[in-house]
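Here is how the chains run, residue by residue.
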Amino acid sequence: MHREIPKLVANGLYREALWLYTKHLSASLAPNKFTFPCLLKACGRLQSPHLAQMLHTHLIKTGFGVDMHASTALADVYMKLHLLRDALKVFDEIPEPSLPLLNATISGFAKNGYHVEALQIFGRVGLGKLRPNSVTVASLLSSCGSLADGLQVHCWAVKLGVEAEVYVGTSLLTVYSNWAEMVSATKVFDMISNRNVVSYNAYITGLLQNGVFSVVLDVFKEMMGCSTEIPNPVTLVSVVSACSSLLYLQFGRQVHGLARKTDMAFDTMVGTAFVDMYSKCSQWKCAYDLFQELNGNRNLITWNSLIAGMMLNGQIEYAIKFFMRLESEGLKPDSATWNSMINGFTRLGKEGEALMFFRKMQSAGVRASLKSITSLLPACSALFALRCGKEIHGHAIRTGICKDEFIGTALIDMYMKCGLSPLAQRTFDLFDTNTNDPAIWNAMISGYGKNGQFESGFEIFNQMVEEKVKPNSVTFNCILSMCSHTGKVERGWEVFRMMSRDYGLIPAYDHINRIVDLLGRSGWLDEAREVLHEIPVPSASVIASLLNASICHSDFKLGEEMAIMLSELEPENPAPIVVLSNIYAGQGRWKDAERVRKTIDDRGLKKFPGLSLIGVA
């Protein structure tokens, strides 16, 4: 029995091993301490809690309940069978647990999602006589539910002297990357002594998910130049994804060449990444050719990448063709496939086709995703298809996604563009307005502004400030636009100052153009000039706006200053020189007017002739 049972378990004959144990037990043949770990492993593979508990009883009866090997195997199988209370009881009954038992218990809690309990088990043992190892620390790191937990376990790793071991370092990389602490992740990566492909992948994946795309390529180059580790498909997918985000076609082609040399180019996951990269780099023909080469190694994600790529490159006919061919390979379009078509049609201005595909998707019984809904609502706005927009709103309510802020923002935008501000307001009122995202507020303010309901727009902005929601640049652009339309110069001036004073936002050219135009038309020329001089490099449009305002309000000194500035900024434009000449002429400064006019000839410029139009009844 002592040799036969381990042999049967090693060969995957789990039921036979348990049957043999029962047979020998009936014959009063006593087991030894090596029998139970094998039998408990068989219970785990058979996913049989009942048999595991029966063996636990036999352990106690035969006196092996305190044996460390058997107890470790028992705790491990209980964890794998999700009997966490039983596993913890086994651990608690051992006065001085061994390191394998500690690791099995901590790892089991972590894998079952009980992260706090895993940390508590370690806390009970501490850093006393039982010396935890790298396996213990790595299991703990997978249990960290916060950055603070990760930092604490990192400190334990330093005290134990295992922080530079590749297993621990890789786990630390994952923790810091998940919490967007890429500076700490980089320090850990630099500290790992014997990096392997797994540690490289953990660091590259972390950089990718945190948007540090260019560093991904640098680390990959280092891996290829300094390491004996060969990239695997996971490495290549991450690197190709970074190339897609950066639109680095040349680097992507080089990686493709490497993939062909190492026979990874036809791996489904890698091939799909290359199809996506070529599509995003506007090389849709290369994406198509590669897709054809992947015949036999394609899955639904590969098809979706190609269809999305064709839509991205405006190849509608090809996208429809591949959409229709999808089922020929025994695949069915999923929500991502439908969304690629719907979003593509909307982006290309084919709103009618987008709505048609949405109805086909509903007929096929595919549930619309958030992306599909947010893509469709702008299509309804463009077509003024209010009825369809209401249908989509109803669908969002039935499927329980109407509470999503992206959907709410899109619905508000659609109702506002269709001129139904009361429905937009009703949709807005359903949301918890105490949110840090200003997008839904901006949709209301902008919508009221476009519908000429400026006072309602100002009320929403006041409510936004009261709710302590931080406005962004779009918010202030909408408010300044409304101030310009209503001539509320004092309010506009206060809102403009509020941007940098209260919210630390640097005004963009749109904000500056609007406020200068508003101040200039209202006669606040000194304030407009003050704003202009705060800009390091003012645009020609804002100078021209203030030039027109100064002439309108007969401030010829300011007009002269603006005309000279505009002439220096656009030396090939004769208009500011003509305006400056007219200003001098209006003041009786004929010599100056003549001198300025002569500048047009000196520069070889040509004054645009005036045109007259006579209407004949």
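Residues numbered from 1 in each chain as written. Predicted model: local features only at pLDDT ≥ 70, side-chain atom pairs only at ≥ 80, totals over all residues. Heavy atoms only, no water.

J.: Explain the overall build of the protein chain here, please?
T.: Each helix and strand counted, the protein chain has 36 helices and zero strands in total. Here the protein chain has a C-alpha radius of gyration of 35 Å; the compact-globule value for 617 residues is 25 Å, and the former is much larger. A burial count over the protein chain gives 48% of its 617 residues as buried. Of the contacts formed within the protein chain by residues at least 6 apart in sequence, a portion of 61% connects residues at least 24 apart. Looking at charge distribution, the protein chain has the averaged site of its 59 positive side-chain charges lying 6 Å from that of its 58 negative ones. (Helix = DSSP H or I, 4+ residues; strand = E, 2+ residues; numbered from the N terminus. Rg over C-alpha atoms; globule rule 2.2 N^0.38 Å. Buried < 20%, exposed > 50% of the residue type's maximum accessible area, 1.4 Å probe, protein only. Contact = heavy atoms within 4.5 Å. Lys, Arg positive; Asp, Glu negative; His and termini not counted. Charge placed at Lys NZ, Arg CZ, Asp CG, Glu CD.)

J.: What exactly am I supposed to notice about the pattern of salt bridges here?
T.: Side chains that carry opposite charge are capable of pairing whenever their charged atoms lie near each other. A full pass over the atoms with the stated rule returns 12 salt bridges. Of the charged contacts in the structure, one is a salt bridge between Glu455 and Lys488, with a shortest N-O distance of 2.4 Å. Highlighted residues: Glu455 in helix α28 (residues 454–466) and Lys488 in the loop between α29 (473–486) and α30 (489–503), separated in sequence by 33 residues. On the accessibility criterion, Glu455 (45% relative accessible area) is partly exposed. Here Arg497 ties to Glu530 by a salt bridge, and the two come within 2.7 Å at their closest N and O atoms. A residue pair is termed long-range when its members are at least 10 positions apart, and Arg497 in helix α30 and Glu530 in helix α32 (residues 525–533) qualify at 33 residues. By relative accessible area, Glu530 is classed as partly exposed at 38%. Overlapping salt bridges bring together Asp190, Arg195 and Glu222 as one network. (Salt bridge = Lys/Arg side-chain N within 4 Å of Asp/Glu carboxyl O.)

J.: Quick question: what am I supposed to make of the UniProt feature "repeat: PPR" (unreviewed entry) in the protein chain here?
T.: The positions that UniProt labels "repeat: PPR" (unreviewed entry) are, in the present scheme, residues 196–230, 299–333, 334–368, 437–471 and 472–502. Regarding residues 334–368, the helix share stands at 74% and the strand share at 0%, and the terminal C-alpha atoms are separated by 10 Å. Taken as a whole, residues 437–471 contains 71% helix and 0% strand, while its terminal C-alpha atoms sit 9 Å from one another. (UniProt positions renumbered as here; feature names shortened; annotations may be inferred.)

J.: In this structure, what is going on with the state of the cysteines? I would like to understand it.
T.: Where two cysteines share a covalent bond between their sulfur atoms, that bond is called a disulfide. Inspection of the entire model under this criterion finds zero disulfides. With no disulfide of its own, Cys38 lies 11 Å from the sulfur of Cys43, the closest cysteine sulfur. Residue Cys155 stays outside any disulfide, its sulfur separated by 11 Å from that of Cys144, the closest cysteine. (Disulfide = S-S within 2.5 Å.)

J.: Just checking my understanding: could you explain the packing of helix α19 (residues 300–312) against helix α20 (residues 316–325) for this structure?
T.: What describes two packed helices is the angle between their axes and the distance between those same axes. Running from N to C, α19 and α20 point in directions that differ by 160°, and their axes come no closer than 7 Å. When the axes of α19 and α20 are compared, the pair comes out roughly antiparallel. Of the two possible hands of crossing, α19 and α20 adopt the one that is left-handed. Contacts between α19 and α20 involve Trp303, Leu306, Ile307, Met310 and Met311 from the former and Ile316, Tyr318, Ala319, Phe322, Phe323 and Arg325 from the latter. (Axes fitted to C-alpha atoms, helices over the stretch in contact; angles between N-to-C directions. Parallel < 35°, antiparallel > 145°, perpendicular 65-115°, else oblique. Left-handed = near helix turned anticlockwise from the far one by under 90°.)

J.: Help me understand the environment of Leu290, please; the structure alone is not making it clear to me.
T.: Structurally, Leu290 can be placed in helix α18 (residues 284–293). In this structure the C-alpha to C-alpha distance between Leu290 and Val275, which are 15 residues apart in sequence, comes to 6.6 Å.

J.: Could you clarify how one ought to interpret the side chain of Thr72 in this entry?
T.: As for its placement among the helices and strands, Thr72 is situated in helix α5 (residues 68–80). According to the relative accessible area criterion, Thr72 is buried, its value standing at 15%. For Thr72, the residues in contact, after removing those within four places along its chain, are Ser98, Pro100, Leu101 and Ala104.

J.: Hey, could you run me through the nonpolar core in this one?
T.: In summary, soluble globular proteins display a tendency toward joint burial of nonpolar side chains. If you look at the biggest cluster of nonpolar residues, it comprises 191 residues, and the most contacted ones within it are Phe274, Ile392 and Ile515. For Ile392, the contacting residues outside a window of four places in its chain are Leu355, Phe358, Ile373, Leu376, Leu377 and Cys380. (Core = buried A, V, L, I, M, F, W, Y, C linked by side-chain atoms within 4.5 Å.)

J.: Help me understand the packing of aromatic side chains, please; the structure alone is not making it clear to me.
T.: Ring pairs (aromatic) are described by centroid distance and by the angle formed between their planes. Under the defined criterion, the tally for this structure stands at 19 aromatic pairs. For the ring pair Phe189 and Tyr203, a centre distance of 4.2 Å and an interplane angle of 20° mean the geometry is stacked. Within this pair, whereas Phe189 is found in helix α12 (residues 182–191), its partner Tyr203 is found in helix α13 (residues 197–209), the two being separated by 14 residues in sequence. Each member of the pair, Phe189 together with Tyr203, is buried. Sitting over the face of the ring of Phe189, Arg195 holds its NZ or CZ atom 4.1 Å from the ring centroid. It is Arg298 that lies over the ring of Phe291; its NZ or CZ is 4.2 Å from the centre. (Phe/Tyr/Trp six-rings, centres within 6.5 Å; stacked < 30°, edge-to-face > 60°. Lys NZ or Arg CZ within 6 Å of the ring centre and 35° of its normal.)

J.: What is the right way to look at helix α35 (residues 575–586) in this model?
T.: Two residues of an α-helix separated by three or four positions point the same way, owing to the 3.6 residues in each turn. Across its 12 residues, α35 extends 16 Å between first and last C-alpha, which sits within 8% of the 16 Å expected from 1.5 Å per residue. Within α35 the residues assigned to the buried category are Pro576, Ile577, Val578, Leu580, Ser581, Ile583 and Tyr584. Gly588 lies just past α35 and shows a positive phi near 80°. (Expected span 1.5 Å × (residues − 1).)

J.: Would you explain the side chain of Asn313 in this entry?
T.: The topology assignment puts Asn313 in the loop between α19 and α20. Here Gly309 takes part through its backbone oxygen, which lies 2.8 Å from a polar atom of the side chain of Asn313. If we ignore the near neighbours within four places in the chain, the residues touching Asn313 are Ser279, Ser282 and Trp284. (Polar contact = N/O pair within 3.5 Å; in protein donor to acceptor, adjacent residues only side chain to side chain.)

J.: Quick question: what am I supposed to make of the packing of helix α15 (residues 233–246) against helix α16 (residues 249–261) here?
T.: α16 packs onto α15 with a crossing angle of 160° between their chain directions and a minimal axis gap of 9 Å. Judged by the inter-axis angle, α15 sits roughly antiparallel to α16. Like other packed secondary-structure pairs, α15 and α16 cross with a definite hand, here left-handed. Residues Leu236, Val239, Val240 and Cys243 of α15 lie in contact with α16, whose contacting residues are Phe251, Gly252, Val255, Leu258 and Ala259. In terms of residue class, the contact of α15 with α16 is made up of eight nonpolar, one polar and no charged. (Nonpolar A, V, L, I, M, F, W, Y, C, P; charged D, E, K, R; others polar.)

J.: So what exactly am I meant to see when it comes to unusual backbone geometry here?
T.: For residues besides glycine, phi is generally negative; the peptide bonds are generally trans as well. Positive phi outside glycine occurs at Leu247, with the angle close to 60°. Along the chain, the position of Leu247 falls in the loop between α15 and α16. On the basis of relative accessible area, Leu247 is assigned to the exposed category, the value being 52%. The phi dihedral of Lys468 falls on the positive side, at around 60°, and the residue is not glycine. Tracing the chain through its elements places Lys468 in the loop between α28 and α29.

J.: Would you mind going over the environment of Tyr114 with me for this structure?
T.: Along the chain, Tyr114 turns up in the loop between α7 (99–111) and α8 (115–125). On the basis of relative accessibility, which here comes to 41%, the residue Tyr114 falls in the partly exposed class. A C-alpha to C-alpha distance of 9.8 Å links Tyr114 and Gly145, two positions 31 residues apart in sequence.

J.: Is there a simple way to think about helix α33 (residues 540–552) in this case?
T.: Given a rise of 1.5 Å per residue, 13 residues ought to cover 18 Å, and the 18 Å separating the end C-alpha atoms of α33 matches this to within 8%. Residues of α33 that are buried include every one of Ala540, Val542, Ile543, Ser545, Leu546, Leu547, Ala549 and Ser550, and no others. Check the buried side of α33 and you find it contacts α31 (509–521), α32, α34 (556–569) and α35. Two residues or fewer past α33, Ser554 is found with a positive phi of approximately 60°.

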